[in-house]
Amino acid sequence: MTFQELGLSEDILKAIGELGFEKPMPIQEKVIPILLEKNVDITGLAQTGTGKTAAFGLPIIQQVDARVNKTQVLILSPTRELCMQIAKDLTNYSKYVSGLRVLAVYGGAHIVGQINELKRGVQIIVATPGRLMDLMRRKVAKLNNVFRVVLDEADEMLNMGFLDDINEILADVPKERNTLLFSATMPKEIQAIARKYMVDPIEIVAGTRNAGAENVKHLLYTVHAKDKYYALKRLADFYPMIYGIVFCRTRRETQEIADKLIQDGYNADSLHGDLSQAQRDYVMQKFRIRNIRLLVATDVAARGLDVNDLTHVIHYSLPDDKQVYTHRSGRTGRIGKSGISIAITHLREKFGVSQIEKQIGIKFIKSTVPTGREICEKQLFNMIDKMENVKIDHSQIDTYLPVIYKKLEWLDKEELIKRFVSLEFNRFLNYYRDADKLSEPTEERGRGRRDRDRGEKGRDSRSRQRDNDGRAEQGYTRIFINLGKMDGLVPNGLIEMINKNVEGPKIPVGRIDLMKKFSFFEVKSDLAKKLIKALNRDTHFRGSRVAVELAQGKDTQEKKAFTKRVDGARKKRKRRF
Ligand code: AMP
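Below is a summary of the structure that appears in this document. Nothing here was measured: the structure is a model prediction, and the numbers come from that model.

Where helix H9 (residues 188-197) is concerned, the buried positions are Ile190, Ile193, Ala194 and Tyr197. Take H9 and look down its axis: the buried residues cluster within an arc of 100°, on one side only. Those residues of H9 that are exposed and angled more than 90 degrees off the buried face are Lys188, Arg195 and Lys196. On its buried face, H9 sits against strand S1 (42-45), strand S5 (148-151), helix H7 (154-159), helix H8 (163-171) and strand S6 (178-183).

The next point concerns the site of the ligand. Taken together, 12 residues are adjacent to the ligand, and Lys23, Gln28, Gly49, Gly51 and Thr53 come closest. Measuring from a nitrogen atom of the ligand, one finds a side-chain N or O atom of Gln28 at 2.7 Å. Gly51 has a polar backbone atom sitting 2.7 Å from an oxygen atom of the ligand. Calculation on the ligand without its partners gives an accessible area of 500 Å², and the protein chains cover 73% of this total. Looking at the shell around the ligand, its residues break down into 4 nonpolar, 6 polar and 2 charged.

What follows covers the pairing of strand S17 (residues 519-524). Of all 6 residues that make up S17, 5 are buried, and the element is covered over most of its length. With 6 bridges joining them, strand S15 (residues 476-481) and S17 adopt antiparallel strand pairing. By the bridge assignment, Phe480 is partnered in S17 with Phe520. Hairpin connection from strand S16 (residues 509-514) to S17: 4 residues lie between these consecutive antiparallel strands.

Read across the sheet, 7 strands follow the order S10-S11-S9-S12-S13-S8-S14 without closing on themselves; strand pairing throughout is parallel. Edge positions in the open sheet fall to strand S10 (268-271) and strand S14 (365-367), since each of these has one partner strand only. Averaged over all pairs of adjacent strands, the angle between their axes in this sheet comes to 25°, without regard to strand direction. Two strands pair when backbone bridges link them, and strand S8 (residues 216-222) and strand S13 (residues 339-345) are joined in this way by 7 bridges, in the parallel orientation. Looking across to S13, one finds that Thr222 is bridged to Thr345. Contacts from helix H10 (residues 228-238) reach S8, strand S9 (244-248), strand S11 (294-298), strand S12 (312-315) and S13 within the one sheet, and its direction differs from that of S13 by about 160°.

So, on to a nonpolar patch on the surface. A surface patch of nonpolar side chains, about 490 Å² in accessible area, is lined by Val390, Ile392, Ile397, Tyr400 and Ile404. One can find Val390 in the loop between helix H16 (372-389) and helix H17 (394-397). Residue class for Val390 comes out exposed when judged on its relative accessible area of 53%.

It is worth spelling out the packing of helix H3 (residues 52-63) against helix H4 (residues 80-93) at this point. Close contact between H3 and H4 brings their axes to 10 Å; oriented N to C, the two are set at 50°. Considered as vectors, H3 and H4 are oriented oblique to each other. Relative to H4, H3 is oriented so that their crossing is right-handed. Of H4, the residues touching H3 (which contributes Thr53, Ala54, Phe56, Gly57, Leu58 and Ile61) are Ile86, Asp89, Leu90 and Tyr93. Partitioning the contact of H3 with H4 into residue classes produces 7 nonpolar, 2 polar and 1 charged.

This paragraph deals with the side chain of Thr43. Here Thr43 is to be found in strand S1. Apart from the residues lying within four places of it in its own chain, the contact partners of Thr43 are Leu181, Met186, Ala194, Met198, Pro201, Ile202, Glu203 and Ile204.

Its place among the elements puts Thr128 in the loop between strand S4 (124-127) and helix H6 (129-137). A residue is classified by how much of its surface remains accessible, and Thr128, at 7% relative accessible area, is buried. Sequence separation of Thr128 and Glu81 is 47 residues, and the distance between their C-alpha atoms is 9.7 Å. Excluding anything up to four places from it in sequence, Thr128 contacts Ser77, Pro78, Thr79, Arg80, Cys83, Val105, Tyr106 and Gly107.

Soluble globular proteins: nonpolar side chains tend toward being buried together. Formed by 42 residues in total, the largest nonpolar core has its most connected members in Leu58, Ile75 and Ile124. Only helix H1 (10-18), helix H2 (26-37), H3, strand S2 (73-76), H4, strand S3 (102-105), S4 and S6 provide two or more residues apiece to this core. If we ignore the near neighbours within four places in the chain, the residues touching Ile124 are Ile60, Val64, Val73, Ile75, Leu90, Leu100, Arg101, Val102 and Leu103. One finds Tyr230, Tyr266, Ile375 and Cys376 within the second-largest nonpolar core, a separate group that totals 36 residues.

If you trace the backbone, Thr539 turns up in the loop between helix H23 (525-538) and strand S18 (540-541). A polar atom in the side chain of Thr539 sits 2.9 Å from the backbone oxygen of Leu535. What Thr539 contacts, discounting residues up to four positions off in sequence, is Met497, Asn501, Ala534, Ser544, Arg545 and Val546.

This part is about H10. Within H10, 11 of the 11 residues are buried, which leaves it mostly tucked inside the rest of the structure. Of the positions making up H10, those classed as buried are Lys228, Tyr229, Tyr230, Ala231, Leu232, Lys233, Arg234, Leu235, Ala236, Asp237 and Phe238.

What follows covers the packing of aromatic side chains. By convention here, two paired aromatic rings are described through the distance between centres and the angle between planes. According to the stated counting rule, one finds 10 aromatic pairs in the structure shown. Among the aromatic residues, ring-to-ring pairing joins Phe3, Phe21 and Tyr93 into one connected group. Lying over the aromatic face of Tyr243, Arg290 brings its terminal NZ or CZ to 3.9 Å of the ring centre. In this arrangement the basic side chain of Lys378 is found over the ring face of Phe238, its NZ or CZ atom lying 3.9 Å from the centre.

What counts and what doesn't
- Residues numbered from 1 in each chain as written.
- Predicted model: local features only at pLDDT ≥ 70, side-chain atom pairs only at ≥ 80, totals over all residues.
- Heavy atoms only, no water.
- Buried < 20%, exposed > 50% of the residue type's maximum accessible area, 1.4 Å probe, protein only.
- Helix = DSSP H or I, 4+ residues; strand = E, 2+ residues; numbered from the N terminus.
- Arc of directions from axis to C-beta.
- Contact = heavy atoms within 4.5 Å.
- Near = heavy atom within 4 Å.
- Polar contact = N/O pair within 3.5 Å; in protein donor to acceptor, adjacent residues only side chain to side chain.
- Areas by Shrake-Rupley, 256 points an atom, 1.4 Å probe, with all protein chains shown as cover.
- Nonpolar A, V, L, I, M, F, W, Y, C, P; charged D, E, K, R; others polar.
- Pairing = 2+ DSSP bridges.
- Axes fitted to C-alpha atoms, helices over the stretch in contact; angles between N-to-C directions.
- Patch = residues over 30% accessible without salt bridge, like charges linked within 9 Å, V, L, I, M, F, W, Y side chains within 5 Å.
- Salt bridge = Lys/Arg side-chain N within 4 Å of Asp/Glu carboxyl O.
- Parallel < 35°, antiparallel > 145°, perpendicular 65-115°, else oblique.
- Left-handed = near helix turned anticlockwise from the far one by under 90°.
- Core = buried A, V, L, I, M, F, W, Y, C linked by side-chain atoms within 4.5 Å.
- Phe/Tyr/Trp six-rings, centres within 6.5 Å; stacked < 30°, edge-to-face > 60°.
- Lys NZ or Arg CZ within 6 Å of the ring centre and 35° of its normal.

This is how it looks when you write it as structure tokens:
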């Protein structure tokens, strides 16, 4: 099938020909003829990268009357970046359609310029909902002649809380319009919008309903919670050509991980909501031109980023909303390329993993974090490949070569190779010298385990500090208990004591940190109060009365004071027995 056969006009064929579009993409083959022929509503399950902009954009350009200086088409998009991208694409496609004007209106830019443009008259408005509402209130955006509305990335618009705005905007568009809705996922809320605003929509599916393209591999690495960062680093080292986004859950985590990566010498930076728009633009631009190879980002901040040809997507934290997984991993494995989506999880995320598998219909490949040796091997051969393929710029280097040859003439070939390789490679050898496997977590042994990779971790004091700074895992609360190793407390004993003394179903216990005279452990936050109450009632452990309390705010001084109290009590007990 050719674009000509789809029924597109000469002006458009010429423009897209210049853009290098040779053949319609599947979604274009499906959507273009329908829209050119009938005035129908369409829902399209399609992600960015499938060619959906041209699928709805080309018929729109053909059908808009460029002689009429009124807004005839409205395209809503969740972010200003997508908004600008769509407007740019449509402007390119309509290069040879004289008189046709496309305008992007979005927040964060001067409104006066947009008002002036609207007053001059535009046939197609591409808008983010918030700014459009503003312009409608000011009576400069007039929608009473709109015959087609496109809701692009509808699920993202809902995620960003634009539902009310969409309702308000659509109330101002003539009822006899038709509506096109594109979305990477089709949750219930989107189906509800489709029911409310669309008449017998034709459903189009571009590509697969599953996460991202079919050529995305989903890898699962399960490690101890405190090993996540080391796993991330190893994976980044294992894929020397990595160009990816590391998704985190919170702004704080995002900043923390990015800081650590930068400190450890990676081309990384962070993107999150605590940064100003200018800072975000700067980071995004650096990432676009690949100055940054690893971008650590929150989901919300990454929405504004139009980079989709990633080699890897890394889920440092799994998203709560499983559909977000689809969005994330859909940024890799684009047009003919293969992509890798990596989830770094710990045991407590097991449920989240199986939910994703079920809801999205993917199967994770359970994988083991590469060993130091494997990483070194991979880096080494990557470097050798690069050396084999390096382009030699004779005009620059030839003048220096005679002196260099002279200086190195005492070295034979083997010695030369060894030295050049070591020059580049010592960083990895040093780092991974003592590090082998990251220990694999198991349900029981995972608790209270001590570092095994001392060589690797000893070099990262900052993260050690973080491990011990008393913050509990998300959803868990850290509890202080007045018993330690000296009292004979062991992880299993603690768990047993908890479950013997706290009524109801088994209490899930997370990380346990046993100290000499006292300890910390984590329990599900919603059970913390109940547990504290029950254990403080009158629980004894090997003759000692148990006392527990929330660990938050317990600084070193308090711990010391507590130790003193405990010591006093211990002495008394000894005297009594
Ligand atoms: P989209 O899904 O609309 O973001 O499009 C993804 C990319 O594919 C854009 O860079 C388009 O310019 C490009 N594209 C769209 N249609 C075609 C086509 N038929 N042939 C080649 N490239 C295309």
